[in-house]
Amino acid sequence: MTTNVTNAHIVSPDVEIQNGTIAITDGIISAVYNAAEEVPAADTTFDAKGQYAFPGFIDIHAHGADGKDVCDNDLEAVRHIAKTKLREGVTTWLPTTLTQPQTKLLEIAEKVAQYNANQEFVKTPGLHVEGPFINVSKAGAQNPAFIREPNLEEIKKIHDIAPALIFSIAPCQPNACEVIAGAKALGISSSAAHSEATYAEMLAAKDAGLTHLTHYGNAMTGLHHREIGMVGTGLIDDDIKIELICDGIHLAPDFVKMVFKVKPIEQIIMITDSMAGSWINNGECKVGGLEVVVEDKVARLKHGGALAGSALVFDEGVGIVAEITGLPLHQIVKATSWNQAQSLGLENHGKIEAGFTGDIAILSKEFKSTATFVDGEQRF
C-alpha cells in the first residue's frame with residue numbers, strides 16, 4: 001500500500017520543504033520529494049494544500065481529554081482519549097496516571113494494557129506514572145490522601161502489567177534515590193516532580209539515574225540566588241530533559257522565551273499535561289477524584305483553586321511557542337516529537353525522512369490539526 005502526501009510544507013528537525021511530497025509505503029516513509037522532483041504514482045493521494053506536515057506529535061504527559069481521564073479506570077475512557085488526541089496531531093501518547101491507591105493503579109495499568117493490544121487510534125508504548133511518591137506540600141492537583149513513601153515494588157508491579165516508561169517522583173522523599181536507581185535498572189526513566197528538592201538533592205537523584213523534570217516550573221522549588229532549586233537545575237544541567245506546558249498559563253510567556261533561549265532545544269519536551277477538561281472549554285470534571293472547574297480553558301481545583309493540569313491541546317501549544325519564541329519551525333519541531341522519541345527510545349519516530357514511520361500531523365497555517373496519519377493510515 002502506497003500513499004503520497006502532496007503539496008505539503010514539510011517541517012522536520014533542521015529541515016523545511018515547501019510544496020513537498022511524502023511517499024509512504026506500507027506505513028513507512030519511503031521518500032521525501034521537493035517541488036522540483038518527479039514523484040511516482042501511489043495507491044492513494046492526500047493533498048495537503050500547502051499546509052504544514054509535522055512528524056506526529058508525541059505527548060509523554062497527558063492524563064485525559066474531552067471529559068475522560070486515565071484514572072477513570074475504564075478501557076473506553078482510554079480509547080476515547082486516544083481517539084481525541086488524534087484531533088491534536090498526536091500520534092503517540094503515554095497515558096498518565098495520578099496519585100491513587102496502588103490497587104487502582106494496577107487496575108488502570110490493566111486497562112491501558114488492554115488498549116495496547118489493539119492500538120486503533122494513537123500509539124501507546126507505555127505509561128507515565130506521576131506520583132504517588134511526591135511531597136505533600138507540592139501536591140498541587142494530586143490527591144494528598146494517597147501520597148506515600150517511595151516503594152520500588154509498587155512501580156515494578158505496574159510495569160509488569162503495562163510498561164512504565166516514565167515515573168515521576170519527588171527526589172526529596174525518603175529512599176527516593178534508591179527507588180530511582182531501581183527504576184533505571186528496570187528500564188524506567190525517572191522524572192522529578194511535586195517536590196521541595198534542593199539543588200544538592202537533584203544532583204544526588206541525577207547520579208541515581210534521574211533524567212527528566214516533570215511540568216517544569218510547576219510544583220517544584222524555584223530559582224533563588226542562594227539556592228537554585230529544581231528550576232535552576234533544569235536551566236544549568238544540559239543532561240536533564242524538561243517538560244514544558246506551553247499554554248501561556250502554567251508558565252508566563254517570558255519564562256517560556258527564557259527557557260528556549262537558555263536551554264538546549266534538544267533537551268526540551270513540549271507536553272500538554274491535559275486532563276478531562278481539555279476540549280470542553282467551560283464546565284466541571286474530576287481529576288483523580290478531585291473536583292475541577294474549567295473556565296475559558298483554565299482548569300482549577302474547585303476547592304483551593306490550584307491549577308489542575310491543563311486544558312491545552314497539543315497543536316495549539318505549537319502555535320503558542322512559535323509566537324512566543326519566534327524560532328523557526330524546524331527547530332521547534334525537535335521539542336514536539338524528536339526529543340520525545342529519543343527520550344523514550346522510539347526508533348524511527350520524530351522525523352519526516354525515509355525510513356521513519358509514517359506518523360504525520362497535518363496542520364493549517366493557524367496551527368490547527370486537519371488530518372493525522374499513524375503508520376501511514378489516516379486516522380483523523
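Everything here concerns the structure above.
Rules of the game
Residues numbered from 1 in each chain as written. Predicted model: local features only at pLDDT ≥ 70, side-chain atom pairs only at ≥ 80, totals over all residues. Heavy atoms only, no water. Helix = DSSP H or I, 4+ residues; strand = E, 2+ residues; numbered from the N terminus. Rg over C-alpha atoms; globule rule 2.2 N^0.38 Å. Buried < 20%, exposed > 50% of the residue type's maximum accessible area, 1.4 Å probe, protein only. Contact = heavy atoms within 4.5 Å. Areas by Shrake-Rupley, 256 points an atom, 1.4 Å probe, with all protein chains shown as cover. Axes fitted to C-alpha atoms, helices over the stretch in contact; angles between N-to-C directions. Parallel < 35°, antiparallel > 145°, perpendicular 65-115°, else oblique. Left-handed = near helix turned anticlockwise from the far one by under 90°. Nonpolar A, V, L, I, M, F, W, Y, C, P; charged D, E, K, R; others polar. Salt bridge = Lys/Arg side-chain N within 4 Å of Asp/Glu carboxyl O. Phe/Tyr/Trp six-rings, centres within 6.5 Å; stacked < 30°, edge-to-face > 60°. Lys NZ or Arg CZ within 6 Å of the ring centre and 35° of its normal. Pairing = 2+ DSSP bridges. Core = buried A, V, L, I, M, F, W, Y, C linked by side-chain atoms within 4.5 Å.

**Student:** What exactly am I supposed to notice about the overall build of the protein here?
**Tutor:** Scanning the protein for helices and strands turns up 10 helices and 21 strands. For 380 residues, the compact-globule estimate of 2.2 N^0.38 gives 21 Å, and the protein sits close to it at 20 Å. Projected onto its principal axes, the C-alpha positions of the protein cover 60 × 45 × 40 Å. Relative to its 380 residues, the protein shows a buried fraction of 59%. Within the protein, contacts between residues separated by at least 24 positions form 69% of all contacts whose residues are at least 6 apart in sequence. A total of about 14,100 Å² of accessible surface is found on the protein, and carbon and sulfur atoms cover 50% of it.

**Student:** Sorry if this is basic, but what is going on with helix 6 (residues 229–236) here?
**Tutor:** Spacing of three or four residues puts side chains on the same side of an α-helix, whose turn is 3.6 residues. Burial of helix 6 is extensive: 7 of the 8 residues sit out of reach of the surface. Inspection of helix 6 places Gly229, Met230, Val231, Gly232, Thr233, Gly234 and Leu235 among the buried residues, and these make up the whole buried set. Of the surrounding elements, those touching the buried residues of helix 6 are strand 12 (189–192), helix 5 (199–208), strand 13 (210–213), strand 14 (241–245) and helix 7 (253–262).

**Student:** Is there a simple way to think about the packing of helix 4 (residues 176–185) against helix 5 in this case?
**Tutor:** Pairs of packed helices are described in terms of their axes, by the angle between the two and the distance that separates them. It is the contact of helix 4 with helix 5, at a shortest axis distance of 8 Å, that shows an interaxial angle of 25°. Relative to helix 5, the element helix 4 is oriented roughly parallel. Helix 4 and helix 5 meet at a crossing whose hand is right-handed. Between helix 4, through Cys177, Ile180, Ala181 and Lys184, and helix 5, the contact on the second element is made entirely by Ala204, Ala205 and Ala208. In terms of residue class, the contact of helix 4 with helix 5 is built from 6 nonpolar, no polar and 1 charged.

**Student:** Could you clarify how one ought to interpret the pattern of salt bridges in this entry?
**Tutor:** Where charged atoms of side chains with opposite charge meet at close range, the side chains can pair. Taken as a whole, this structure holds 15 salt bridges when the rule is applied. Here Lys85 ties to Asp59 by a salt bridge, and the two come within 2.9 Å at their closest N and O atoms. Taken as a pair, Lys85 in helix 1 (residues 75–86) and Asp59 in strand 6 (residues 57–62) lie far apart in primary sequence, 26 residues in all. A relative accessible area of 0% places Lys85 in the buried class. Taking the shortest distance from any N to any O, the salt bridge between Glu266 and Lys334 comes out at 3.4 Å.

**Student:** Sorry, what's going on with the packing of aromatic side chains here?
**Tutor:** Aromatic ring pairs: the centre-centre distance and the angle between the two ring planes describe each pair. Counted according to the given criterion, the structure contains 8 aromatic pairs. The interplanar angle of 20° and the centroid separation of 5.4 Å between the aromatic rings of Tyr52 and Phe367 together place this pair among those described as stacked. Here Tyr52 is found in strand 5 (residues 52–55), whereas its partner Phe367 is found in the loop between strand 19 (360–363) and strand 20 (369–374), with 315 residues between them in sequence. For Tyr52, a relative accessible area of 10% gives the class buried. A relative accessible area of 13% places Phe367 in the buried class. For the pair Trp338 and Phe356, a centre-to-centre distance of 6.2 Å together with 50° between the ring planes defines the contact as tilted. Of the two residues, Trp338 sits in helix 10 (residues 338–344) while Phe356 sits in the loop between helix 10 and strand 19, which places them 18 residues apart along the sequence. Of the two residues, Trp338 and Phe356, both sit in the buried class. The rings of Tyr52, Phe54, Phe57, Phe314 and Phe367 are connected pair by pair, giving a single aromatic cluster. Residue placement shows Arg87 over the ring face of Trp279; its charged tip is 3.9 Å from the ring centre.

**Student:** For this particular structure, what's the right way to read the sheet that holds strand 10 (residues 127–130)?
**Tutor:** Hydrogen bonds between backbone atoms are what pair the strands of a sheet, whose relative direction is either parallel or antiparallel. As summarised here, the arrangement of the 8 strands in space is 6-9-10-11-12-13-14-15, forming an open sheet in which the pairing is parallel. If you trace the sheet from one side to the other, it starts and ends with strand 6 and strand 15 (268–271), each paired once. Adjacent strand axes in the sheet meet at a mean angle of 25°, parallel and antiparallel pairs treated alike. Alignment of strand 10 against strand 11 (residues 164–169), held across 4 bridges, turns out to be parallel.

**Student:** Would you take a moment to explain the nonpolar core for this structure?
**Tutor:** Side chains of nonpolar character tend, in soluble globular proteins, to be buried together. Judged by nonpolar contacts, the single largest core of 96 residues is most densely connected at Phe54, Trp93, Leu213, Tyr216, Leu244, Met270 and Val292. With residues up to four places along the chain from it excluded, the contact list for Leu244 reads Tyr216, Leu251, Val259, Phe260, Ile268, Ile269, Met270 and Ile271. Counting residues in each nonpolar core, the second largest holds 17 residues, with Val5, Ile29, Ile360 and Ala371 among its members.

Note that all results are geometric; they support no functional claim without further evidence.
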